[in-house]
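# Observations on the three-dimensional arrangement
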Amino acid sequence: FGADSGMKAVADVLLAHVLYARGDLDGAARHLHGSLAHVDAYDGWLDVYAAGYETLARLAEARGDPAGVEAALARGAGTAAARHLPRLAAILR
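None of the values given here were measured: they were computed from a predicted structure.

A tally of regular secondary structure across the protein gives six helices and zero strands. Each helix and strand of the protein, placed in order from N terminus to C terminus, yields the pattern α-α-α-α-α-α. Scaling as 2.2 N^0.38, a compact globule of 93 residues should have a C-alpha radius of gyration of about 12 Å, and the protein matches this with 12 Å. A buried classification covers 35% of the 93 residues belonging to the protein. The long-range fraction of contacts in the protein, counting pairs at least 24 apart against all pairs at least 6 apart in sequence, stands at 53%. Here the protein displays about 5,500 Å² of accessible surface, and carbon together with sulfur accounts for 58% of that area. Mean positive and mean negative side-chain charge positions of the protein (9 and 11 charges, respectively) differ by 2 Å.

In structure tokens, the structure reads:
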């Protein structure tokens, strides 16, 4: 991806989603950490946000961390509000 850290962050969020689906929770967490924050801070597409927040919430659920699930969903709701993405808010609900 060269110097395009934004594209790498998007790819890492999507890769984390796939790794979670394949049962690689450690790999998913490793790729999601930092990447979702970068996407949050700069730019992202609805699909990337939805995949990232779902993965973040599911990783917390897998750890038995209901507060982490709530925090992931609240973080996503904050992004949905800040970026005026009503479809993302609906997905997270």
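Below, the discussion takes up unusual backbone geometry. In the Ramachandran plot, His-84 falls in the positive-phi region, its phi being about 55° despite a non-glycine side chain. Looking at the secondary structure, you find His-84 in the loop between helix 5 (66-82) and helix 6 (86-92).

Next up on the list: helix 1 (residues 5-21). Across its 17 residues, helix 1 extends 24 Å between first and last C-alpha, which sits within 8% of the 24 Å expected from 1.5 Å per residue. All of the buried residues along helix 1 are Ala-9, Val-10, Asp-12, Val-13, Ala-16 and Leu-19. The secondary structure elements touched by the buried residues of helix 1 are helix 2 (25-32), helix 3 (35-41) and helix 4 (46-62).

About the thresholds
- Residues numbered from 1 in each chain as written.
- Predicted model: local features only at pLDDT ≥ 70, side-chain atom pairs only at ≥ 80, totals over all residues.
- Heavy atoms only, no water.
- Helix = DSSP H or I, 4+ residues; strand = E, 2+ residues; numbered from the N terminus.
- Rg over C-alpha atoms; globule rule 2.2 N^0.38 Å.
- Buried < 20%, exposed > 50% of the residue type's maximum accessible area, 1.4 Å probe, protein only.
- Contact = heavy atoms within 4.5 Å.
- Areas by Shrake-Rupley, 256 points an atom, 1.4 Å probe, with all protein chains shown as cover.
- Lys, Arg positive; Asp, Glu negative; His and termini not counted.
- Charge placed at Lys NZ, Arg CZ, Asp CG, Glu CD.
- Expected span 1.5 Å × (residues − 1).

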